[in-house]
Every structure is written in C-alpha cells, then in structure tokens.
Amino acid sequence: MKKIGIITLNGEFNYGNRLQNFALQKVLESYGVEAETIVIRPSKFDKLKKECWFGEIRSIDDLGQMFKKNISKITLKSIKRRKNYQEMQAAKWSTIEQFSQKKIKTLRVDKKYLSQLSLHFDLFIVGSDQVWNPNIIEFDSIHFLDFAPSEKRYSYSASFGVDHLPSKPTLLKPHYTSYLKQMNYISVREASGVMIVEELIGRKVDVAPDPTLLLSKTEWQKELTITENQEEQFVLIYFVSEISVEIMQEIQRFAKEKNLRILQIMGDTFSSDRIIVDPQQFVSMIAKAQYVFTDSFHGSVFSIIMQTPFFVYERTDHKGTYTRIEHLAEKFYMRCALVSLGDRLTEKETLFDFDRAKIVLEKERERGKQLIEQNILTHSKVEQ
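1. Here's the deal with a positive patch on the surface
And step 1. Side chains of Lys77, Arg81, Arg82 and Lys319 sit close together on the surface and give a patch of like positive charge.
And step 2. The residue arginine 81 is located in helix 4 (residues 76-103) in this model.

This is the structure we're talking about:
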C-alpha cells in the first residue's frame, strides 16, 4: 500500500485549515492509499531564526525591513491585537483539537528526525491552504519538502496567499525559486499562484480545486453526520477578520427584514458573545442557515457546496487576497455573492443559481481527482 505524508499549516483554531486537511486525506484514502498528516515540532531556536532572518540578510535594506517588521509587533495596537488573537486560540483550541484527533490521522515528529521520514513514506504532498505564503513561512524550507528527495516532493492546491512575492528581503525570491525547481509536481490553488511559479522558474503548473471541493454535499453530510432537520431559522455570520460596525448594522437590518435570528461563529478575533464550534458543527451550521455572511474563503466554499445563499465582504484586516474569493465566485457563477457596504442584498439574493453551480462542482471534483490520479498517484511510479 502506498504511504503518503501530508504537510500543511497546523493549528487547532481555523476551520478551513482543518477541513481541507481532512478532505485531502479522505480523497487519498479513497484510492487505497495510507495518508498521514505530519506535524513537526520546531526547535526552540526556529522561531527566533524565522523572526530575525538569520543567515538571510544581504543588505542594509534587508536589515531595515527586518527591524521594521519586528518593531511593528511591539506597538500598543499590535500587542493588543496579538493578545486578542491568543485569547481566540486558547478559547477554540480544545474544541477543534477533538475534531483533529478523531478525524485526521497525524504523525508528530521532532524537526531533527525529519530526514528519516523518507524511509517510511513513498511520497509527500504539501497543501492545501496558504502553505507558501511568504508572510507565514518566510524562509522556511519544510513547506517545500526539503527533507525528502526531489522525486518525492509534490504539491496539491498550494496557495501563496499573495498576488506576488515581495522584492525584499533580497534572498526571498531566490529561496522560492530554488525550492520550487526541486518539486516533482506542482499544483496551486489560485491563478495568481500560476503566475508566481511561471515567473520564478518558467514552469507551467496546474490550478487545482481546494480539497474541500473534492467531496460532494452528500459525502460531507455522511462524513460529518450532518442531518437535514431544521431546528430554527437563522442568519449565520463567520468573519475571519473583525467585522466593522457598519457591516454588522447592515446584516442586522437584513436579518430583521427576514425575521431571522443572528448566530456568529468566532473567527480569528476573540469576543465572548461569539459561538465556538468544531469543524463538523461549522459545516452543519452553514448547511442549516438561511443565509451566510462571511469574509472567508472556506465559508464561501461550504456555502456553495451546501447550497446556502451567502454574501462575502472584503476582510477588514486586509490579510490574504480577495482575488481568491473573486476567482471562486467567477468559477461557480456566484458573483452575486460579492458585496460591499450599501449593496441591495435583497436584490442580489434572487440571482443565486445553485443548480448551475452544482454542475461546475461536479466537473471540478472530477478534474481535481484526475490531477491527483495522473500527476501524483500514477506519476510517482511507486507500487501500491
């Protein structure tokens, strides 16, 4: 039996991250493959090395940018924001961790033993999520699978999370170029990722559907034991960033017009009046809501899968790229879901065509599975 190791971002506080990890593992297992997600325990020096770009500074400009980045973290506003983020993580951790323990087969490894993994795995897949976001991984090479021989390095639906790589620090682009060249197969999640890879290494790569799109509505309902029964009617809010007062007032007016209760799932900011759920409940609530309001990529994905009308605002923290959600909306004929403050929501809701979106979903599901079959499972030429 072929054994595959998955490298992705890890953290028991992000619903989309946990669900894409689960979905990729389930799809691989459907081919008779044994799949494990590898969680790497970093050394104590790793965080300091990452923050200070040890060995990667080549100019005064690089040094200045490194200092600017770290000094910005000690402003009063930044300290308050980080404290709130830590409160959110602590509040959600145990609930979401239970889902991971139950649903995601995981191997925890100390970083010093990474080189030994190739003895136990036939190949490795990095993805999905923003595994190549320079603001997250910076000069990290593990997310390019550097611990494995080049012929065992594959990516599926990997996201850069940005439209282009920054020019500073000086060695960042060469770092990415070197490791991308060593990948056996590359697929990315967004068209912007294609342009980045082609610019750096002149190589054409595939755009692959997010793993969450590779399971049908029926499969998600079965895997997460989601029932159809409707206990109450409500509007669901899930914002990764902090929701603005004006947007919240707009949603409240909409809910009042529809005579619907509002429920809000906690995103990446802490507030005691928000609901903490596990990933199973996250999908279930999207399925049962009358409407979903979100700024989240996966909030949008599951609204499409579960055929729930949804409205997407740009993130107020301006992190991540709105283009990935625009691309998603275009792909599934859901431009009506993209809204700004002051839009006529009651008019836009009449434009949703989930029957048309379902046809695209089925085609994307088939295409994603073919990419895995033909470029990873078959191309690796490892006996099952």
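2. Remarks on the pattern of salt bridges
And step 1. On inspection of all chains with the given rule, the structure shows 18 salt bridges.
And step 2. Its salt-bridge partner being glutamate 223, residue lysine 26 comes within 3.5 Å of it at the nearest N-O pair. Highlighted residues: lysine 26 in helix 1 (residues 15-29) and glutamate 223 in helix 8 (residues 217-223), separated in sequence by 197 residues.
And step 3. Between lysine 258 and glutamate 349 there is a salt bridge; the shortest N-O distance is 2.6 Å. Taken as a pair, lysine 258 in helix 9 (residues 245-258) and glutamate 349 in the loop between helix 13 (345-348) and helix 14 (354-377) lie far apart in primary sequence, 91 residues in all.
And step 4. Given the relative accessible area of 30%, lysine 258 is considered partly exposed.
And step 5. It is possible to trace a salt-bridge network through shared partners that takes in Arg189, Glu190 and Asp210.

3. Observations regarding a nonpolar patch on the surface
And step 1. Nonpolar side chains collect at one region of the surface, where Ile60, Leu63, Phe67, Ile71, Ile74 and Ile79 lie side by side and expose about 610 Å² of accessible area between them.
And step 2. Along the chain, the position of isoleucine 74 falls in the loop between helix 3 (60-71) and helix 4.
And step 3. Look at isoleucine 74 and you get exposed, because its relative accessible area is 61%.

4. Some remarks on the sheet that holds strand 8 (residues 234-238)
And step 1. Strand order across the open sheet formed by 4 strands is 9-8-10-11, with parallel pairing between neighbours. The open sheet is flanked by strand 9 (261-265) and strand 11 (310-312), the only strands paired with a single partner. Taken over all neighbouring pairs, the strand axes of this sheet differ in orientation by 20° on average, direction set aside.
And step 2. By the bridge criterion, 3 bridges tie strand 10 (residues 291-294) to strand 11 in an arrangement that is parallel. Residue valine 292 lies in a different strand from strand 11, and its bridge partner there is phenylalanine 310.

5. Here's the deal with the sheet that holds strand 3 (residues 106-110)
And step 1. Judged by pairing direction, the sheet is parallel, and its 5 strands sit side by side in the order 3-2-1-4-5 without closing on themselves. The strands lining the two open edges of the sheet, one partner per strand, are strand 3 and strand 5 (153-155). Within the sheet, the average angular offset between the axes of one strand and its neighbour, ignoring direction, is 35°.
And step 2. Taken together, the 3 bridges between strand 4 (residues 123-126) and strand 5 define a ladder with parallel strand orientation. Looking across to strand 5, one finds that isoleucine 125 is bridged to tyrosine 154.

6. A look at helix 1
And step 1. For helix 1, with 15 residues, the first-to-last C-alpha span of 21 Å sits near the 21 Å given by 1.5 Å per residue.
And step 2. By the criterion of burial, helix 1 is predominantly enclosed, with 13 of the 15 residues buried.
And step 3. In this structure asparagine 14 caps helix 1, since a side-chain oxygen of it lies 3.2 Å from the backbone nitrogen of glycine 16.

7. Points about helix 6 (residues 172-181)
And step 1. Where helix 6 is concerned, the buried positions are Leu172, His175, Tyr176, Thr177, Tyr179 and Leu180.
And step 2. On its buried face, helix 6 sits against helix 5 (134-137), strand 5 and helix 7 (191-201).

8. Some thoughts on the environment of serine 43
And step 1. Looking at the element boundaries, serine 43 is found in the loop between strand 2 (34-41) and helix 2 (44-52).
And step 2. For the pair serine 43 and lysine 68, spaced 25 residues apart in sequence, the C-alpha to C-alpha distance is 25 Å.

9. Here's the deal with the side chain of threonine 8
And step 1. Along the chain, threonine 8 falls in the loop between strand 1 (3-7) and helix 1.
And step 2. For threonine 8, a relative accessible area of 2% puts it in the buried group.
And step 3. Polar contacts involving the side chain of threonine 8 include one to the side chain of glutamine 20, which spans 3.0 Å.
And step 4. One polar contact links the side chain of threonine 8 to the main-chain carbonyl oxygen of glycine 127, over a distance of 3.5 Å.
And step 5. The residues touching threonine 8, leaving out its near neighbours within four places in the chain, are Asn17, Arg18, Gln20, Asn21, Thr37, Gly127, Ser128, Asp129, Val131 and His143.

Procedures and definitions
- Residues numbered from 1 in each chain as written.
- Predicted model: local features only at pLDDT ≥ 70, side-chain atom pairs only at ≥ 80, totals over all residues.
- Heavy atoms only, no water.
- Patch = residues over 30% accessible without salt bridge, like charges linked within 9 Å, V, L, I, M, F, W, Y side chains within 5 Å.
- Areas by Shrake-Rupley, 256 points an atom, 1.4 Å probe, with all protein chains shown as cover.
- Salt bridge = Lys/Arg side-chain N within 4 Å of Asp/Glu carboxyl O.
- Lys, Arg positive; Asp, Glu negative; His and termini not counted.
- Charge placed at Lys NZ, Arg CZ, Asp CG, Glu CD.
- Helix = DSSP H or I, 4+ residues; strand = E, 2+ residues; numbered from the N terminus.
- Buried < 20%, exposed > 50% of the residue type's maximum accessible area, 1.4 Å probe, protein only.
- Pairing = 2+ DSSP bridges.
- Axes fitted to C-alpha atoms, helices over the stretch in contact; angles between N-to-C directions.
- Expected span 1.5 Å × (residues − 1).
- Polar contact = N/O pair within 3.5 Å; in protein donor to acceptor, adjacent residues only side chain to side chain.
- Contact = heavy atoms within 4.5 Å.

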